Amino acid sequence: MKQNSLRGLYPAIPFGTPWEIVRAGMGALIGLGVAGFALTFFDLQGIGLYLIAPFGATSVLLFAVPNSPLAQPWSAVVGNSVSALAGVAVCLLIKDPVLRVALAVGLGVSAMIIVRAVHPPGGAVAMVAALNPDIANEPGFGFALTPVASVTAILVLVAVLYARLTGRTYPFRHFDDSGQHQTADRAPIERLGLSEEELNAILRQYRQSFNLGVEDLARLIGAAELHAATHRTGPMRACDIMSRDLVTVSGETSLGEVADLFRKHNFTSLPVTDKEGRYIGVIFQIHLIRRAQKEAVARDRSLLGVMSRLVGQRRDEPVRAKEIMSVTEPHADADTPIAALLPLMADGPCEAVPVLDGGKIIGIVTRTDLIAAMAHAGLNAV
C-alpha cells in the first residue's frame, strides 16, 4: 500500500523526445521573443502593452501541449481576458489583499468555466490584477484588452505559425472538420461508430472535458482498438507476410519506365535502390500523379510564354526516380511484429513499409499484405 501511495508522487507524463523538448523550448523562446520585440520596436508600452508573468505560463501550454483544450485560441485569449476582468472588479471592491487575491482567482476560474475558456494562466492573470491596486485605477478594465488579450493573441498567432513549421497541428482539429483527403469522411482510425455527443458524454462521465478534446478521444479509442486487434494476429512478424519477389528501380530510372512498371504489375509502390541493392527510397503512385500535374501546369505556362522550364530542368532531360521518391517513409526489419505496422498504414499516406536487412531491402509489406494477414488470423480464430 505504501509503495502504491509513493508511486502517485512519480511523474505522470512520459519522457519527451529530444525533438519535442527542443521544439517546445524554442517555441516558447520565439513566442515571447516576438511579442517582446514587437512591444519594444513599436514602443507600445505607452498604450499599456507590456509582458506580465502569466504570459510565460500561456507559452507553456501553447508550445508544449498545443493539443490540450486548455491551450486552444479561444481558451487562451478569452480565458485570460475574463480573468483579468474578474481581477480588476475584485480589486475595485475589496481592500484586504489576501481576500482580494483569493476572491479574484476563484471568480476568474468560475468565469472561465462559464464561457468555456478554461486556461490555467488565467488564474495568474486575475492574481496579478488583484496584487496591483494601481491597475484598477489605471488602466482599469482596459487591462483585459491591453496587455492581456492583445499580447495573448500575439502568442497564439506565433503558435499557429510555429506549429505549421514544426509539423504539429494547432489549433487542433474539431470533430466535424474535413479529414486528410478534404472530404467529410474521418480518418480510418477515428471511425468508431460513436457520435460527437456520445464522445462528449464519455468525457463528462470521467471528468476529462478539460484534459481531452473530442478529436483526441476519438483518435485514442481508435488507436486502442487497432492495437487490441493486433493481439488476435498472434506473433506474426514482417518476414511472415512480406512480399519477397521484389521489383525495384534505380534512382536513375526515368519516370516513363516507372509508370510502365506500375501499369504492368499493378503496384501501388516501387522501392528505389542503389547499385549495391541498398534501399534509398520509395515511389508511390501519388508521386507520379503529382508530378504529372506539375508538368501539365508547366506546359500550359510555357504555351503562354510565362515559363518554359520546370524546377530548373530542360524539356529534353527526363525526370528520374530519385527526384520524386520519398526518403522519409518508415521501414522495418524482418522481426518487426505486424502489430507495429498496422498503425503506420491504418492512418496516413503510408501504403507500404520496406523491410530491410543491413540497409538492403529484402521485402515489402503493403496494405494488401496486412489485410490478408488479418483475415487469415480471423479465420483461424473462428
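Owing to the predicted nature of the structure, the values given are computational and were not obtained by experimental measurement. (Residues numbered from 1 in each chain as written. Predicted model: local features only at pLDDT ≥ 70, side-chain atom pairs only at ≥ 80, totals over all residues. Heavy atoms only, no water.)

(A) Molecular detail of the sheet that holds strand β2 (residues 269-273). On the basis of which strands lie adjacent, the open sheet formed by three strands has the order β1-β2-β3 and mixed pairing. Each end of this open sheet is capped by a strand with a single partner; those strands are β1 (249-250) and β3 (279-284). Relative to β2, β1 runs parallel, the two being bridged by two bridges. Of the residues in β2, the one forming a bridge with V249 is V272. Along the sheet face, helix α12 (residues 255-265) touches β1, β2 and β3 and points at about 135° away from the line of β2. (Pairing = 2+ DSSP bridges. Helix = DSSP H or I, 4+ residues; strand = E, 2+ residues; numbered from the N terminus. Contact = heavy atoms within 4.5 Å. Axes fitted to C-alpha atoms, helices over the stretch in contact; angles between N-to-C directions.)

(B) View of the nonpolar core. Grouped together as the largest cluster of nonpolar side chains are 27 residues, with contacts concentrated most on L62, F143 and Y170. The leading source of residues in this core is helix α8 (residues 145-165), at nine residues. When residues no more than four places from it in sequence are discounted, the contact partners of Y170 are L62, P66, A71, Q72, P73, V156, A159, V160 and A163. One finds M236, A332, I338 and C350 within the second-largest nonpolar core, a separate group that totals 16 residues. (Core = buried A, V, L, I, M, F, W, Y, C linked by side-chain atoms within 4.5 Å. Buried < 20%, exposed > 50% of the residue type's maximum accessible area, 1.4 Å probe, protein only.)

(C) Just the packing of aromatic side chains, in detail. Within the structure shown, the criterion is met by one aromatic pair. Ring geometry for F63 and Y162: centres 5.8 Å apart, planes at 75°, overall edge-to-face. Of this pair, F63 sits in helix α3 (residues 54-64) while Y162 sits in helix α8, and the two are 99 residues apart along the sequence. (Phe/Tyr/Trp six-rings, centres within 6.5 Å; stacked < 30°, edge-to-face > 60°.)

(D) Broad picture of the environment of D357. In this fold, D357 is placed in strand β4 (residues 352-357). In this structure, the C-alpha to C-alpha distance between D357 and A334, residues 23 residues apart in sequence, is 7.3 Å.

(E) Structural view of the pattern of salt bridges. Evaluation of the coordinates by the stated rule reveals eight salt bridges. When the shortest N-O distance is used, the salt bridge between R168 and E20 registers 2.8 Å. With R168 in the loop between α8 and α9 (196-205) and E20 in helix α2 (residues 18-41), this residue pair connects regions lying 148 residues apart in the sequence. According to the relative accessible area criterion, R168 is partly exposed, its value standing at 25%. Assessed through its relative accessible area of 21%, E20 is described here as partly exposed. Among the salt bridges present, the one from R237 reaches D240, with a minimum N-O distance of 3.8 Å. Here R237 falls in the partly exposed class, since its relative accessible area comes to 33%. Each of E20, R23 and R168 takes part in a single network of salt bridges with overlapping partners. (Salt bridge = Lys/Arg side-chain N within 4 Å of Asp/Glu carboxyl O.)

(F) Expanded view of unusual backbone geometry. Residue P139 is reached from E138 by a cis peptide bond, and omega for that bond is 20°. Here P139 shows up in the loop between α7 (133-137) and α8. A cis amide bond links T146 with the next residue in sequence, P147, at an omega value of 15°. Among the secondary structure elements, P147 is positioned in helix α8. Despite not being glycine, R116 shows a phi value in the positive range, around 55°. Within the element layout of this structure, R116 appears in the loop between α5 (97-114) and α6 (121-131). In this structure R116 comes out as exposed when scored by relative accessible area, which is 72%. Phi is positive for N266, which is not a glycine, with a value near 60°. Looking at N266, the relative accessible area reads 66%, which means it is exposed.

(G) The pairing of β3, seen in detail. By the criterion of burial, β3 is predominantly enclosed, with five of the six residues buried. Here β2 folds back onto β3, and the loop between the two strands holds five residues, one of which, G277, carries a positive phi near 85°.

(H) Just α8, in detail. Given a rise of 1.5 Å per residue, 21 residues ought to cover 30 Å, and the 29 Å separating the end C-alpha atoms of α8 matches this to within 8%. In the stretch just after α8, G167 is the one whose phi turns positive, near 80°. (Expected span 1.5 Å × (residues − 1).)

(I) Structural context of the environment of R278. Among the structural elements, R278 can be located in the loop between β2 and β3. Residues R278 and I361, spaced 83 residues apart in sequence, show a C-alpha to C-alpha distance of 6.4 Å. Leaving out residues up to four positions away in the same chain, R278 has contacts with V272, T273, G359 and K360.

(J) Local environment of the environment of T253. Mapped onto the fold, T253 is located in the loop between β1 and α12. For the pair T253 and R320, spaced 67 residues apart in the sequence, the C-alpha separation amounts to 5.4 Å. Apart from the residues within four sequence positions on either side, T253 is in contact with V258, V319, R320 and A321. Polar side-chain contacts of T253 include one of 3.1 Å to the backbone nitrogen of S250. (Polar contact = N/O pair within 3.5 Å; in protein donor to acceptor, adjacent residues only side chain to side chain.)

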